Amino acid sequence: MTRLTEKDVDGLGTELIIYERNLAEKTGLKLGEIAAMAGAISWEDFQGAARDYQVGVVPITSGQGVIGGFSEAVVQIIRQLGFKGRITEKTDVNGFYEGVTKGLEIIFMADDARFVALNLRTGQIADNAIATGRGYVAALNAMTQGFPGSEVLVLGCGPVGLACVEYLLELGSGLAVYDCDSSKLKRLHQGAIKHERNLEEAIKKYPYIVDATPASSFISLPEPPAKVFVAAPGVPMGLTNKSYSQHAKNVIHDPLQIGVATMLAMAVSPPRIKK
Ligand code: PYL
């Protein structure tokens, strides 16, 4: 997981209205609707949870320490979804204790290894990598209205890519995967998954692409008027600057918003019956 910088989250909280408008133009949905879809909770129940839960964000100083603006960005996204949210005054375990004793029932916290949202009432825990994968597939599904006519190409089989694969299988979408480490593909033996071995060829073949890799500026898309739709979660951006600017209208990308929104939906979603 690539660690965000202050620059990545700078201004994020104050630009959420513009962000939502841009997302709705591309997908026809609000951030909360995309999150509810990916989090397997109805939009009505998600709005009900917003009236019911108090949410806290606990800054964590371990490892490389606090990222300036990170907790502020997370709490602004939470508020944008209609929830009451606040950052604890204290950090780490002290901040967790403060939140619990002050009645916060959903706690967001991130160290360098993992970013979670814990629902203290139900015990449900949402992981950012899984939520990000699901949220971006839901957004791409909405933008393309169900991936007509082709499989979806997932680049990268790390935690985000694997969450994309799982959700695409749940949606019943056709699916192809590429990973520079082809040994990772062996684990994905589910019959319906195509394994692509050549990146350049694969990118030319699929109009629907999820970039779930930690690499930057390595994806050159076919030139317009080729129609291609890309979900590019987090940082760094995998598209080259030229491809990103040529296809910007059909690219969904943000450093945190869709992942955090889907974490919240997953944390308040009715427990899923284990099959
Ligand atoms: C959650 C983000 C998404 C991509 N990379 C992940 C990352 O940057 N993780 C580190 C988060 C550290 C937060 C710090 C704080 O400010 O509480 N411990």
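The structure this text deals with has already been given above.
Reference entry: report on the structure contained in this document. Fair warning: this is a prediction, and the values are worked out from it, not measured in the lab.

Within the largest apolar cluster, 68 residues are counted, with the highest numbers of intra-cluster contacts made by F46, F83, F108 and L256. When residues in this core are grouped by element, the largest group, nine residues, is from helix α11 (residues 257–268). Counting residues in each nonpolar core, the second largest holds 17 residues, with L155, I209, V230 and M237 among its members.

For the rest of this paragraph, the subject is the site of the ligand. What surrounds the ligand is a group of 14 residues, the closest being T2, L4, I60, I67 and A110. Across the shell around the ligand, the residue classes break down as nine nonpolar, three polar and two charged.

Sheet architecture is open: six strands sit in the order β8-β7-β6-β9-β10-β11, paired in parallel fashion. Of all strands in the sheet, those with a lone pairing partner are β8 (193–196) and β11 (251–254), marking the two edges. Along the sheet, successive strands turn relative to each other by an average axial angle of 20°, direction set aside.

Of note, the amide linkage connecting P224 to P225 takes the cis form, showing an omega dihedral of 10°. One non-glycine residue with positive phi stands out, namely S217, at about 50°. Here S217 shows up in the loop between β9 (208–211) and β10 (229–233). In this structure S217 comes out as partly exposed when scored by relative accessible area, which is 41%.

The next subject is the pairing of β10. Burial analysis of β10 places five of its five residues in the buried class, the great majority of the element. Side chains F229, A231 and P233 project from β10 onto one buried face, and the interleaved V230 and A232 project onto a second face that is buried too. Relative to β11, β10 is paired through four bridges, and the arrangement is parallel. Residue pairing across strands places A232 opposite H253, the latter belonging to β11.

A word on the sheet that holds strand β2 (residues 84–87). In spatial order, the strands read β2-β1-β3-β4-β5; together these five strands make up an open sheet with mixed pairing. The open sheet is flanked by β2 and β5 (125–127), the only strands paired with a single partner. The sheet shows a mean angle of 20° between the axes of neighbouring strands, taken without regard to direction. Alignment of strand β4 (residues 115–119) against β5, held across three bridges, turns out to be antiparallel. For L118, the partnering residue across the bridge sits in β5 and is I125.

Each aromatic ring pair is characterised by the separation of its centres together with the angle its planes make. A full pass over the atoms with the stated rule returns six aromatic pairs. A ring pair is formed by F147 and Y208, whose centres lie 5.6 Å apart and whose planes are at 55°; its orientation type is tilted. In this pair, F147 sits in the loop between α7 (128–144) and β6 (152–155) while Y208 sits in strand β9, placing the two residues 61 residues apart along the sequence. Of the residues examined, F147 reaches a relative accessible area of 6% and is grouped as buried. Among the aromatic residues, those joined into a ring-pair cluster are W43, F46 and F83. When the ring centre of Y53 is taken as origin, the NZ or CZ atom of R121, which lies over that ring, is 4.0 Å away.

What counts as what
- Residues numbered from 1 in each chain as written.
- Predicted model: local features only at pLDDT ≥ 70, side-chain atom pairs only at ≥ 80, totals over all residues.
- Heavy atoms only, no water.
- Core = buried A, V, L, I, M, F, W, Y, C linked by side-chain atoms within 4.5 Å.
- Buried < 20%, exposed > 50% of the residue type's maximum accessible area, 1.4 Å probe, protein only.
- Helix = DSSP H or I, 4+ residues; strand = E, 2+ residues; numbered from the N terminus.
- Near = heavy atom within 4 Å.
- Nonpolar A, V, L, I, M, F, W, Y, C, P; charged D, E, K, R; others polar.
- Pairing = 2+ DSSP bridges.
- Axes fitted to C-alpha atoms, helices over the stretch in contact; angles between N-to-C directions.
- Phe/Tyr/Trp six-rings, centres within 6.5 Å; stacked < 30°, edge-to-face > 60°.
- Lys NZ or Arg CZ within 6 Å of the ring centre and 35° of its normal.

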